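Observations on the model geometry
Below, each chain spelled out in residue letters.
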Amino acid sequence: MTRTKATRRHQSKLKRLLAASAAQRLAVDEGSEFRRWTPEEVVEKQLLPYRSVRVLKQRCYRREIHHHLDGGRITFTAEDLRKENERTAVEPFAKPA
């Protein structure tokens, strides 16, 4: 059996699927509009396409990701997660008519 490396196309499809499933999990949570998630919870529940808490925090420190600083701690609201998923979405090319 031969194994093939994942191409960028497959990786981007995986990211879209993860983001869609994260949005569905987020919508299922009761009271999710008022809840705040820590970076650890975001990575654990795969609410954003980051695998490492360290990378997520570094992006927050550089102000590259929507987040809140509550008392000096990084937290994410449902709105922050939605904005971030919209920001990282890739639009398909328009097909010529």
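In the block above lies the structure referred to throughout.
About the cut-offs
- Residues numbered from 1 in each chain as written.
- Predicted model: local features only at pLDDT ≥ 70, side-chain atom pairs only at ≥ 80, totals over all residues.
- Heavy atoms only, no water.
- Helix = DSSP H or I, 4+ residues; strand = E, 2+ residues; numbered from the N terminus.
- Buried < 20%, exposed > 50% of the residue type's maximum accessible area, 1.4 Å probe, protein only.
- Contact = heavy atoms within 4.5 Å.
- Areas by Shrake-Rupley, 256 points an atom, 1.4 Å probe, with all protein chains shown as cover.
- Polar contact = N/O pair within 3.5 Å; in protein donor to acceptor, adjacent residues only side chain to side chain.
- Arc of directions from axis to C-beta.

Considerations on the overall build of the protein
- Helix and strand counts for the protein come out as four helices and two strands.
- Scored against the burial criterion, the 97 residues of the protein give a buried share of 23%.
- Long-range pairs, those at least 24 residues apart, make up 44% of the contacts in the protein with a sequence separation of at least 6.
- By element, 53% of the accessible surface of the protein is carried by carbon and sulfur atoms, the whole surface being about 8100 Å².

Topic: helix 3 (residues 53-61)
- A distance of 3.2 Å separates the backbone nitrogen of Arg54 from a side-chain oxygen at the start of helix 3, and that oxygen is part of Ser52.
- Looking one or two residues beyond helix 3, the residue adopting positive phi is Arg63, at roughly 60°.

A word on helix 4 (residues 78-87)
- If you check which residues of helix 4 are buried, you get Ala78, Asp80, Leu81, Glu84 and Asn85. Projected onto a plane normal to the axis of helix 4, the buried residues spread over an arc of 160° and lie on a single side.

Regarding unusual backbone geometry
- One non-glycine residue, Gln46, lies in the positive phi region at around 55°.
- Among the secondary structure elements, Gln46 is positioned in the loop between helix 2 (39-44) and helix 3.

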